[in-house]
Amino acid sequence: MRIFALILGLLISIPLLAQKRMQDVVYLKNGSIIRGTIVLQDPGKLIKLKTSDNSLWVFTNEQIDSITQPVKVMIRQKAGYYNLTEAGFLAGNYSNATRAIFSIINVNSWCFKNGISTGIGVGVELSKESYLPIVADIRYFFKQKRSVPFVSFQAGYSIPLGGSYDQIIYAIDDRRMNPVYYPGPIPDYTNDPISATGGFLVNPGIGLQTPLNENLAITFSAGYRYMRYSYTRNDYKLDIDYNRLSLKIGLLFK
């Protein structure tokens, strides 16, 4: 629950920070700070600033101490290396034993001028067992002035980080070659170790990238995660398939 509260806090606070970063800010000599969008700027004379409540402010050059403006250049236009760290949950319904699998992954990619990026990601996911997912990551960033929508696709394999655990195995009635079921005689049972062997995963998704400055952006994404976890014991094998909604927030450094 603490991890969930932390992620929820980030989901609430970082968009507010990003929104402030995307506004023009006028610092006046009397100490006032006004945020909004500059609709007219006459260098050396005056500016007109429209605030979020649609009020129009006019300031002369003598009143203004300084002005800061948001990043106008799209981070998407910059070809080169970037590092993305995403954290969130793989959400299931109430019938699932683990309804929200925590996931964090770090992706190192190279973005080309056409908006396509390719890279490798490594992370940690906490289900019934702990897993180390290793994925190939492909994204396409669409052109946009400020916020940049993108589509993504990840595919790879989850490696279990834990060992084996006990599974209850009930005795068999050799005379009938059938399991002994309740309300018959209570069967004997033993704890037999079963090992997690991991499994493959795919995760298509869509998202939005909002620059905070020329080299830093915040990302929000949602997608569909399919993954298969496999377990073995001697010659016995069990496959469990998961179909989850992937919800993540990330920081991209470029």
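Above this note sits the structure.
Attention here is on the structure that accompanies the text. (Residues numbered from 1 in each chain as written. Predicted model: local features only at pLDDT ≥ 70, side-chain atom pairs only at ≥ 80, totals over all residues. Heavy atoms only, no water.)

Take unusual backbone geometry next. Even without a glycine there, the phi angle at Asn 54 is positive, about 70°. Exposure remark for Asn 54: the relative accessible area of 57% places this residue in the exposed category. (Buried < 20%, exposed > 50% of the residue type's maximum accessible area, 1.4 Å probe, protein only.)

So, on to the nonpolar core. Of all hydrophobic cores here, the largest spans 21 residues; its most connected members are Tyr 82, Phe 141, Met 227, Tyr 229 and Tyr 231. Of all the elements in the fold, those that place two or more residues in this core are strand 6 (80–91), strand 7 (100–111), strand 9 (130–141), strand 10 (148–160), strand 14 (189–213), strand 15 (216–233) and strand 16 (236–253). Val 26, Ile 38, Leu 49 and Phe 59 belong to the second largest nonpolar core, which has eight residues in total. (Core = buried A, V, L, I, M, F, W, Y, C linked by side-chain atoms within 4.5 Å. Helix = DSSP H or I, 4+ residues; strand = E, 2+ residues; numbered from the N terminus.)

One pass over the full model with this rule turns up five salt bridges. Where Asp 137 meets Arg 139, a salt bridge forms, and the shortest distance between an N and an O atom there is 2.9 Å. This pair shows no difference in class: Asp 137 is buried, exactly as Arg 139 is. Arg 228 is the partner of Asp 241 in a salt bridge, and the nearest nitrogen-oxygen pair spans 2.6 Å. Within this pair, whereas Asp 241 is found in strand 16, its partner Arg 228 is found in strand 15, the two being separated by 13 residues in sequence. Among the residues examined, Arg 228 registers a relative accessible area of 26% and is labelled partly exposed. If you follow the salt bridges from partner to partner, you end up with Glu 86, Asp 137 and Arg 139 in one network. (Salt bridge = Lys/Arg side-chain N within 4 Å of Asp/Glu carboxyl O.)

So, on to the sheet that holds strand 3 (residues 46–50). Strand order in the open sheet formed by five strands is 4-3-2-1-5, with antiparallel pairing between adjacent strands. Looking at the sheet topology across the chains shown, the edges are occupied by strand 4 (56–60) and strand 5 (64–68). The sheet shows a mean angle of 45° between the axes of neighbouring strands, direction not considered. The sheet contact formed by strand 1 (residues 24–28) and strand 5 spans four bridges and is antiparallel. Considered in strand 5, the bridge of Tyr 27 is made with Ser 66. (Pairing = 2+ DSSP bridges. Axes fitted to C-alpha atoms, helices over the stretch in contact; angles between N-to-C directions.)

Enumeration according to the criterion identifies eight aromatic pairs in this entry. The interplanar angle of 65° and the centroid separation of 5.8 Å between the aromatic rings of Phe 89 and Phe 102 together place this pair among those described as edge-to-face. With Phe 89 in strand 6 and Phe 102 in strand 7, the pair connects residues that are 13 residues apart, well separated along the chain. Judged by its relative accessible area of 14%, Phe 89 falls in the buried class. Classification of Phe 102 by relative accessible area gives buried; the value is 16%. Ring plane angle 50° and centroid distance 5.5 Å describe the contact between Phe 141 and Phe 150, whose orientation is recorded as tilted. Through pairs of rings, three or more aromatic residues link up here, namely Tyr 82, Phe 141 and Phe 150. (Phe/Tyr/Trp six-rings, centres within 6.5 Å; stacked < 30°, edge-to-face > 60°.)

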